[in-house]
Amino acid sequence: QVQLVESGGGLVQAGGSLRLSCAASGRTFSYYTMGWFRQAPGKGREFVTAISWRSDRTYYADSAKGRFTISRDNAKNTGYLQMNSLKPEDTAVYYCAAGPNMEVTSLGYDYWGQGTQVTVSS
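Everything numeric here is computed off the predicted structure, so don't read it as measured data.

Q: Provide a residue-level description of the nonpolar core, including the pertinent values.
A: Buried together is how nonpolar side chains tend to be arranged in soluble globular proteins. Counting residues in hydrophobic clusters, the biggest one holds 27 residues, and the most contacted among them are Leu 4, Trp 36, Phe 68, Met 83 and Tyr 94. Of all the secondary structure elements, the ones that give two or more residues to this core are strand E3 (18-25), strand E4 (33-39), strand E5 (45-51), strand E7 (68-73), strand E8 (78-83), strand E9 (92-99) and strand E11 (116-121). With 7 residues, the next largest nonpolar core counts Phe 37, Phe 47, Ala 50 and Tyr 109 among its residues.

Q: Account for the pattern of salt bridges, with residues named and values stated.
A: All told, the structure shown has 4 salt bridges when counted by the stated rule. Asp 90 is the partner of Arg 38 in a salt bridge, and the nearest nitrogen-oxygen pair spans 3.0 Å. You can see Arg 38 sitting in strand E4 and its partner Asp 90 sitting in the loop between E8 and E9, a full 52 residues away along the chain. A relative accessible area of 6% places Arg 38 in the buried class. For Asp 90, a relative accessible area of 1% puts it in the buried group. Lys 65 is the partner of Asp 62 in a salt bridge, and the nearest nitrogen-oxygen pair spans 3.2 Å.

Q: Give a detailed account of the side chain of Asn 77, specifying residues and quantitative values.
A: Tracing the backbone through its elements, the reader meets Asn 77 in the loop between E7 and E8. When residues no more than four places from it in sequence are discounted, the contact partners of Asn 77 are Cys 22, Ala 23, Ala 24, Ser 25, Gly 26, Phe 29 and Ser 30.

Q: Now, about the pairing of E8: what can you tell me, with residues and values included?
A: Summarising burial for E8: 5 of the 6 residues are buried, a large majority. Taken together, the 6 bridges between E7 and E8 define a ladder with antiparallel strand orientation. Across the sheet, Thr 69 pairs through a bridge with Gln 82, a residue of E8. Connecting the antiparallel pair E7 and E8 is a turn made up of 4 residues, with Asn 77 showing a positive phi of about 55°.

Q: Can you explain the state of the cysteines? Please cite residues and give values.
A: Cysteine pairs can be covalently joined through their sulfur atoms, and such a bond is termed a disulfide. Within this structure, the stated rule accounts for 1 disulfide. Here Cys 22 engages in a disulfide with Cys 96; their sulfurs sit 2.1 Å apart. Looking along the S-S bond of the Cys 22-Cys 96 disulfide, the torsion reads about 60°, which is the right-handed sense. Here Cys 22, found in strand E3, pairs with Cys 96, found in strand E9; they are 74 residues apart in sequence, far enough to count as distant. Classification of Cys 22 as buried rests on a relative accessible area of 0%.

Q: Kindly report on the packing of aromatic side chains, identifying the contributing residues and their values.
A: Counted under the stated rule, the structure contains 6 aromatic pairs. Their ring planes at 70° and their centres at 5.7 Å tell us that Phe 37 and Phe 47 sit as a pair that is edge-to-face. Here Phe 37 is found in strand E4, whereas its partner Phe 47 is found in strand E5, with 10 residues between them in sequence. Summarising the burial analysis for this pair, Phe 37 and Phe 47 share the class buried. The exposure class of Phe 37 is buried, given its relative accessible area of 0%. Ring pairs connect the aromatic residues Phe 37, Phe 47, Tyr 109 and Trp 112, which therefore count as one cluster. Against the face of Phe 29 rests Arg 72, its NZ or CZ located 4.8 Å from the ring centre.

Parameters at a glance
Residues numbered from 1 in each chain as written. Predicted model: local features only at pLDDT ≥ 70, side-chain atom pairs only at ≥ 80, totals over all residues. Heavy atoms only, no water. Core = buried A, V, L, I, M, F, W, Y, C linked by side-chain atoms within 4.5 Å. Buried < 20%, exposed > 50% of the residue type's maximum accessible area, 1.4 Å probe, protein only. Helix = DSSP H or I, 4+ residues; strand = E, 2+ residues; numbered from the N terminus. Salt bridge = Lys/Arg side-chain N within 4 Å of Asp/Glu carboxyl O. Contact = heavy atoms within 4.5 Å. Pairing = 2+ DSSP bridges. Disulfide = S-S within 2.5 Å. Phe/Tyr/Trp six-rings, centres within 6.5 Å; stacked < 30°, edge-to-face > 60°. Lys NZ or Arg CZ within 6 Å of the ring centre and 35° of its normal.

On their own, these measurements won't tell you what the molecule is for.
See below:
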């Protein structure tokens, strides 16, 4: 079993930055792909970014490219999402996910965190 807990969300003005963390428990986390998804009010959950277990491959949605950076520290069992140049349209609940998922942009991850709210004001 893997448990994931997100933190670092909050209220920020447009153009600002936030760093989200995803603390994981379980031995297998270090060998799982990790992803970040978000769900805005009234919308479905969408892919944001993902990273392979060795950090040798990363994937970004078009909306995140150039502004967001995903990383992980397997020694700490923690993943991160650095978000810069935030826009109001980034407002959403952000979820981290983990699993041996071959399609990293899908919702088929085995484990999900509870989510953390990110609100970007204009």
